[in-house]
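Summary of structural features
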Amino acid sequence: MTAQLFTIPPFSAALAALLLLAPATQAAPDYAKEIKPLLKARCYACHGALKQKAGLRLDAVSLMHKGGESGDVIEKDSLLLEKVASTDKDERMPPEGAPLTPEEVAKLKAWIAAGAVAPSDDKAEPDPRLHWAYQVPKAAPAASAAKTPQAALDLLLDARLQARGLQAQQDAAPEVWLRRVYLDLTGLPPSADEVRQFLSEFAASPRAAGGEAPSIMQRTVDRLLASPAYGERWARHFMDIWRYTDGYGLGEQLRYAQKHMWHWRDWIIESLNADKGYDRMIVEMLAADEAAPEDRDALRGTGFLCRNYFLFNRTTWLDETIEHTSRAFLGVTMQCVKCHDHKYDPVSQVDYYRMRAVFEPYHVRLDPAPGEPDFARDGVPRVFDLHLNKATYLHKRGDEKNEDKTRPMTPGIPEVLAFAEFKPQPVSLPATAREPALLPNVLEDQLRGVEKEIALAKTALQQALAKLDDLLRDEVESLPALEQARAAVAFGEKTILAAEAKPAMLRAALAADRLRLTEPKSPASAAEAAAAAKADALYQLAKAESDLAKARVDAFAPATAKVPDPAKKIPAAEQAVANARKKLDAPGDKYTAIRASLKAQEGPEDKNNTDVQAYPETSTGRRLALAQWIANERNPLTARVLVNHLWLRHFGASLVPDVTDFGRRCPPPLHQDVLDTLATGFMQHGWSMKYLHRAMVLSQLYRRSSSNAGATEETLAADPDNTCYWRMNPRRLESQAVRDSMLQTAGLLDLRVGGPSVNADDSSFRRALYFVQTADVEQRFLAAFDNSNILECYRRQESIVPQQALALANGKLTRQCADAIALRMATRPDTDFIEQAFLTLLSRAPTPDESAACLETMTELQQQKSTNARSLVVQALINHNDFITLR
Amino acid sequence: MTRDPFSQQFLNRRGFLDCLGTGLAGIALQSMFTRESRAALPDWQPPDGRPFFPPKAKRVIWLFMRGGVSHMESFDPKPMLTKYAGKSISDTPYKDVQDPERLKKVRVVVVNDANGQQRKTILPLQIGSKRYGQCGVEISDWFSNIGSRADDIAFIRSMWTTDDNHGAQVQFHSGRHMLDTREPTLGAWVTYGLASMTDNLPTFVNMGPRFFDIRDGHYLGPAYDAVNLRVDPRNPLAFAAPEVAITPAEQATEFALVNRLNNLTATQYPGDQALLARIKSYQLAYKMQTAVPETMNLESESAETKKLYGLDDKITEPFARQLLVARRLAERGVRFIQIEHGDGAAGAWDAHSKVKENHSKLSAQVDKPIAGLLTDLKQRGLFDDTIVLFATEFGRTPGSQGDGGRDHHPYGFSVWMAGGGIKGGTIHGATDDIGFHAVENPHYVTDIHATILHQLGLDSRRLEVPGRKRLERDHGAVIKEILA
C-alpha cells in the first residue's frame, strides 16, 4: 500500500464535491445509541445530575443548548467539540483518562453537524438523591393480601411470572427440598435416617392450602434453625462478609488483626443462634464498648473493628474500616471518595473524612479472658476510644502526607443519606472499662495462676531434694556436685517463697486500685497504697532472692563460647537483693498495678504498650452514633443490603446484582417489591434473621425444582437466565460446606461449637470455620473450592476446575470418609448398600439406572480383584456433581 | 492397559459444546464456569477470552528475583561508584540525587526500620563488567551467560517504584503499594482476559516461594489465582496423584462410574451448564494427573538440553529444572508461568551485607539456566511468541550498608524482557551516573504490565470490572521503544 493511493488531486472539484457529499449520504449518528452512552461514560460525572462544573450539564440535548457559563456548547462553533478535540492537555476534556478517540470525536461532530437531533423523549438524569436505593423501603401494597411473609414473596413473584407469560416449575421432590434446607440452614446434609423419616412424615402430612408449606416442612425448618449448626453455618457466611481473619504478621511480630480473634467468631455464632436482632448486632460490632461497656459478651462483637488493626499505618487501617463498614452494612462504595468526589454517587470526599473522624479515636486492646491471666494464651480483643481529641483532616487527593489543616473534619455520615442530625453523645465509662483489673474474675484468675506456680515450684523442689538425697546416700565425694545440688534446693525453696508472696501483693494492689478509683484522695486510699507498696516490696525482695538463687545454680554450668563466665550474673543478682531490702525499709506508695489488659502497639515504635494502662474515662460516642444511624429503620440501605445477602445465599442469585454497591450504577432491581417487602417485614420483626430465613425457605419459590425439564418453550425462550425464579437455581457448595458434609456423612465430624482456632490441616475434624484463617495460610482442600479471601469476600465464586476433581478423587480425606461410610454399611447386601449410600451422600434413593451402574461397577472392581469395591463406589458418590451441589 | 473411563459417550461432543456456547478445546480450563454476578449490570459483559487486537505474543514466562537485585552489579554497571568509593555522596558531583524533593515518591511502610534507609558512603562495584553483543550493552560478570544473549534482550534501566521495603514484590506483580488495597496481579488479569490454550494443564501457574501475598485474583476471585506447581514429578500439584493406595484400573473404574452417574443426572437436568462443566472437569482432571507429572518428568529431554540449562551442575540444577519445566509448560499451552527465585520472607537477593558473597552465589544459580531458556525457546521456535521477563522488586543503594552490603533502592533499577515481539539488543532508559535515580525514560512498574498486555493483544482499560475503578497509574503505558 502506498501513500499515493490516498492522495487527492488538489484541484479536483468533482472529487471535492463528492467528499463533501459523503457525510450527508450517511445517516447521522443515533443520539440514543451512539452519543448519549459516550457522554454518559465520559462526561456526566462532572456535567450531569451529580455535578455541574462550569454550570454545564450534558445529560440532555436541551441542557447542552442551554449550556453553562460560556453558553450553548453544541451550536455551530461547538465548544464541546473544541474541548474534546483539543490537543492542549490543560484544555482537553475530559481531563482524566484517555482523550476521546478520533472516531468518537467524529461521531460527535457528525451528530452536531446533522443538527444535534434528540429523540422526543430525551430526558435529563434525575436528581441523584432520588435514586431508588436512597428512598426508605415500603412493603408492596399487593403483599398485604398475603397471610405470611413467604406467601407475600410468592404472590409478588407469581404476578411477575404471569405478566411475562412464564410458567413456574413443579415442586422438587421432598427429599431434594430437605437436602436444600439442611445444607442451607446448617451447612450439613441430613442423615439417611433423617431422610427416610422425613419422607414418611411428608407422605402422611396433609397438604396445606394455598401453596403454604406443609406443617412437616415448617417443623423441620424450626428444628434446623434451633440447631447450633445453624449459627455455625451462617457465621461462616458473615465471616466472609465481615472479613474474619485470625491475627498474623511476621514471626513474633503481630501486624494484622489481633490475637484470639476467635472470640469475635464465637460472638457471631452465638448471636445468630440467639437470633439477636441484626440492628443490635451492628451496634455491638461498631460500638459495644459505648452501648454496653459492662457486657463482656457484647464486647466481643467489636472484633469487627479489631480485625482491621494494622501495625504500620493508621491511614491504611482506617481506610479499610471505612470502606468495609460501608460496603458490608450499606452497600455504598467509599474507596474512590478517599481521593476525590464519587463519579457516580452523591458521596463526596468530605463525607469520607467525616466518616474517618468517627473512627479516628478508636484503638484496640485485649481484655482478660475469664480463667486465663496470660495474654499470650488468651484474651478478648475489643475496641475503645483512646485518642479522644485527635483531629481529622482531609487528605488532599488522598495523600496522607498532604492534610488540609485549614478544615478539621467533624464526625459524620454521607450527607445524602442523612435523615437526622448526626450528634454523637460522649459516653462516660464504668470503672472496669477504665481499669480492667477491677473486673471480678481478674484477681481470682491471677491467684489461680499463682497456685499453679507454687505447685510447679514445689514439684521442682521435690526433685532437687531427691537428687540431693541420692548424692548423699551414694556418699558422693565430689564437692561441686553436692554444692550444685544444694544450690538447686535453695533455688527451689526461694522460688516457693517468692510465689507465696505474690497473692498478698496482688490483693493489696487490687484493694489500692479500687480505692484510688472510688475515693482518690481519701486517707484510706493513701493507706491502701502504702500497704500495697509494702506488699509489693516484700514480693520483689522474695523474687530477687529467688533470682539470686537461680544465678547461683547457673554458675555451676560449664563455660561455653556463648557463656564464657557462668558465674557472671551473681554480683548483679546480689546487688538486686540489696536494693530490694533497702526498698523494703521505705516502700513509699508506688506499687505494681495488676496487668489485666494489653493495649495493641500503636506502631512498631510503641514499645510501652505492655505497661499497665489506665484508659480514658469517656468515649466519644461517635461509633455508637454511627451504629445507630446504620441500624435504623429510616436508613434506606441497611435492611435491604442484609436481605440481599440472605437471598443470594438461599437462591443462588442476588436481587441487587452487586451485593456491595447499591449506588446509582445499579438500576432498580427487577424484584424491588420483593426486596422492599422483605426488608420492611424484617425491620418490623425486630430485625430477626430467622424471620427472613423462614420467609425464604418456606416459600413456594424455594420448593421449586431446579431442572429445566418440562419447562415450556415460551418460558425457556423468555427467561433463559431464570431472572424471575420460575425454577430454583442449583448452587455449588462453598469450600467449607464441601469438607464438612464429607466428614458428616462419614460420621467423623467433630461437632464441638466454638473455641480457639485450630490448625488447618487434614487431621482436624472440626468444622472448617474453626480453622485458622489469615492471608498467609491456605488450606489446600478448601483452596481448591474457591475459598474465601480474608481481604474481601462478599460473595463466593463458584468456579469449576479440574483441581476440584483431583482434590475429591485423590485426597486422603475423601478415601478416609469413603472407607468409614462403607464400613458402617458392611453388613448390608449390595442393593441395600447402594440405596443406603445414595441416601447418605445425596439424600435420595438411586434410580434403577444408577443402581445398575453401581452394581456393574462393583462387579467390575471385584473382577479386578479390588478389595475396596464398596469404598470406591462411595468415593464415586462423593465425586458426584450433586454431592457438592445444592439441587 | 487401563480402560478409558470416558469412553462411554453419553453426550455427543457437539451437544456439549453447544451447551457452553463455544469450542471448549481452547477455553477456560482455569475456570470453566464462574458465575459472574456483575453480568447482570447494564452495559457490561465479561471478556470473551479473545485478544482485543492481533497479539504478538501468546504466553509469558515471568522470572522474579525476590529480595532486590543490585542494578549496578547486574545490568546497569556504574564505574563512578568505583571512582568515588568511600566518599560520601554529598562530596561527589552527584550530591543533588539526595535532594529531598526527589526522594518524596517513596511511601514508607515500616517507619524507622533498620533497612530501607539512605546510605551515604559509596560502595565500589563488587564485580567487573564488560560489553556484550552487537548492541554493546554493559553487563556485570555475574551475568555473563545472559550477556551472551544480549542481542535478544531489551534492557530497561530506568525502573522505579514507591515501596522501600519488600512489599514492593506485591507492587511489582499488581502495580499497587502495600498500603493500598490489594489488586489482581498481572497473571490474574491475563488469565481473566485470555482463554486457556491447554485442556490438561492450568493456564496460570506459579513455581517458587511467595510471601507477601499468596493470592493473585483478589477482586477477580480465587479462580484467577496462580496454581502452585512443584518440579517434583511425584508431587507436582496438590492432589495430583492419589494419596491412598489405588490401582490405575480401580481409579479408571471409579472415574467411569462418576462419569456415568453424572451423565444420568444430566438427563434429569437438561441444560445445566455447571453439571456439564463438572463432567468435563473430570475428563480434564483425569488427563491432568498424567499431564502434570509428565511435564515435570525430564527424562525425555536430551543430555544436551539438560546441559544447556545447567541441570548437570548442583548449583544451577534447582533453577534449571524450573526453567526447563517452564519451557515444557510453555510448549503445552500454559499462558502465564510465574517463577519466583529466592527463599526467605524478604527474598534471598536482599544483600544488606556482603553483596559480593550474596550476588555471586545467587547469580550463579540463575544466570546459566536463564540464558539456556532463551536459547532453547529460540531453537524450538517458541521465542517469537513467548515473552520472558526478568525482574526484581527494586535495586540496591549506591551507598554501602554494614559489611559491604547495599540497602533497598526504589528510585532506579533494571529489568529486562525478551521474545514475544520485543526488540532484542535494546538498551532503554538510564539512571544517573551513580545509579541513583531513573533519569531517562523512567518507568513505573505498571509500564511493564501495559507492555506485556499489549503484546498479548490486551488493554487493561478494556478489562475493567464495574465498581472497581482502576487508577491511571494502574494502567501504565506501553514502552513502545522496546517493541520490534
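Starting from 1, residues in each chain are numbered consecutively following that chain's sequence as written. Chain labels run from A onward and ligand labels from 1 onward, assigned in the order the entries are written. For this predicted model, a pLDDT threshold of at least 70 governs which residues receive local features, and a threshold of 80 or more governs which side-chain atom pairs are given and counted, while totals over whole chains, interfaces and linings are taken from all residues. Excluded from the side-chain calculation are hydrogens and water; included are all heavy atoms of the structure.

**Comments concerning the overall build of chain B**
Secondary structure follows DSSP: runs of H or I at least 4 residues long count as helices, runs of E at least 2 residues long count as strands, and numbering of each begins at the N terminus. The secondary structure content of chain B amounts to 13 helices and 15 strands. Relative to the compact-globule value of 23 Å for 484 residues, chain B shows a C-alpha radius of gyration of 24 Å, a close match. With respect to the three principal axes, the spread of C-alpha positions in chain B is 80 × 55 × 40 Å. Only protein chains enter the calculation, and the probe is 1.4 Å; a residue is then buried if its accessible area is under 20% of its type maximum, exposed if over 50%, and partly exposed in between. Buried residues in chain B amount to 62% of all 484 residues. By definition, residues are in contact when any of their heavy atoms lie within 4.5 Å. Partitioning the contacts of chain B with sequence separation of at least 6, the portion at a separation of at least 24 is 79%. In these tables, accessible area is a Shrake-Rupley quantity obtained with a 1.4 Å probe, and a residue counts as shielded only by the protein chains included in the view. Carbon and sulfur atoms make up 50% of the accessible area of chain B, which amounts to about 17300 Å² in all. Neither His nor the chain ends contribute to the count of charged residues, in which Lys and Arg are positive and Asp and Glu negative. A charge is said to be at NZ when it belongs to Lys, at CZ for Arg, at CG for Asp and at CD for Glu. Charged side chains in chain B number 58 positive and 57 negative. The centres of these two groups are separated by 2 Å. Throughout, radius of gyration means the C-alpha value; the globule benchmark is 2.2 Å times the number of residues raised to the power 0.38.

**Structural notes on the side chain of T620 of chain A**
Residue and element names in this part refer to chain A. Positionally, T620 belongs in the loop between β9 (618-619) and α22 (622-630). Of note is the side chain of T620, whose polar atom sits 2.5 Å from the side chain of D385. For T620, the contacting residues outside a window of four places in its chain are E290, P361, D385, L388, P424, Q425 and P426. Under the rule applied, a polar contact is a pair of N or O atoms within 3.5 Å (in protein, one hydrogen donor and one hydrogen acceptor; residues adjacent in sequence only if both atoms are side-chain atoms).

**A few points about the interface of chain A and chain B**
Taken together, the contact pairs 80 residues of chain A with 78 residues of chain B. Summed over both partners, the accessible surface that disappears when two parts come together, traced with a 1.4 Å probe, is what is meant by buried area. Summed over both partners, the interface of chain A with chain B comes to about 6700 Å²; 55% of that surface belongs to carbon and sulfur atoms. When the area that chain A buries against chain B is broken down by residue, the three leading residues are Q797, I800 and N810 of chain A, summing to 11%. Take a side-chain nitrogen of Lys or Arg and a carboxyl oxygen of Asp or Glu: if they are within 4 Å of each other, that pair is a salt bridge. With a shortest N-O distance of 2.1 Å, R468 of chain B and E792 of chain A are connected by a salt bridge. Our count for the contact surface shared by chain A and chain B stands at 30 residue pairs in polar contact (both at pLDDT 80 or more). Elements with a contribution of two residues or more to the side of chain A that touches chain B: α15 (314-330), β10 (731-732), α29 (780-784), α30 (802-810), α31 (812-824), α33 (848-863) and α34 (869-878) of chain A.

**Concerning the sheet that holds strand β3 (residues 362-367) of chain A**
Residues and elements named next belong to chain A. Strand order in this open sheet of 3 strands is β4-β3-β8, and the pairing throughout is antiparallel. Two strands close off the open sheet at either side, each with one partner strand: β4 (380-385) and β8 (598-599). Taken together, the 6 bridges between β3 and β4 define a ladder with antiparallel strand orientation. Following the sheet pairing, H363 is matched in β4 by F384. Note on pairing: DSSP must find at least two bridges between two strands before they are called paired.

**A closer look at unusual backbone geometry**
All names here are of chain A. Cis geometry marks the peptide bond from M93 to P94; its omega dihedral reads -10 degrees. Considering the arrangement of structural elements, one finds P94 in the loop between α4 (79-85) and α5 (102-113). The phi angle at D786 is positive, at roughly 50 degrees, despite the residue not being glycine. Mapped onto the elements, D786 comes out in the loop between α29 and α30. The class for D786 is buried, based on a relative accessible area of 3%. Residues other than glycine seldom take positive phi values, yet S843 does so here, at roughly 60 degrees. Checked against the element boundaries, S843 lands in the loop between α32 (830-842) and α33. A relative accessible area of 1% places S843 in the buried class.

**A word on the state of the cysteines**
Only a pair of cysteine sulfur atoms within 2.5 Å counts as a disulfide in this structure description. Enumeration over the complete set of coordinates arrives at 0 disulfides over all chains. Here C46 of chain A stays free of any disulfide, with the sulfur of C43 of chain A as its closest cysteine sulfur at 8.9 Å.

**Side note on the confidence of the model for chain B**
All names here are of chain B. Scored by pLDDT, chain B comes out at a mean of 91, with 92% of its residues at no less than 70. Throughout residues 9-30 the model reports pLDDT below 50, and contacts reaching past four residues in sequence, or to other chains, amount to 48 contacts. In the predicted complex, the global pTM is 0.91; the interface-specific ipTM is 0.89. Per-residue confidence from the predictor is reported as pLDDT, which spans 0 to 100.

**So, the packing of aromatic side chains**
Residue and element names in this part refer to chain A. Under the pairing criterion, centres of Phe, Tyr and Trp rings, with the six-membered ring standing for Trp, must be within 6.5 Å; the plane angle then separates stacked pairs below 30 degrees from edge-to-face pairs above 60, leaving the rest tilted. If you walk through the whole model with that rule in mind, you get 49 aromatic pairs over all chains. Relative to W317, the ring of Y309 lies with its centre 5.0 Å away and its plane at 70 degrees, an arrangement referred to as edge-to-face. Put simply, a charge is over a ring when the Lys NZ or the Arg CZ is close to the ring centre, within 6 Å, and near the line of the ring normal, within 35 degrees. Between the NZ or CZ atom of R314 and the centre of the ring of W317, over which it lies, the distance is 4.4 Å.

**Concerning the pairing of strand β4 (residues 153-160) of chain B**
Residue and element names in this part refer to chain B. Most of β4 sits inside the fold, with 8 of its 8 residues counted as buried. Two elements, β4 and strand β12 (residues 426-428), share 3 bridges in a ladder whose sense is parallel. Residue pairing in the sheet places A154 in a bridge with T426 of β12.

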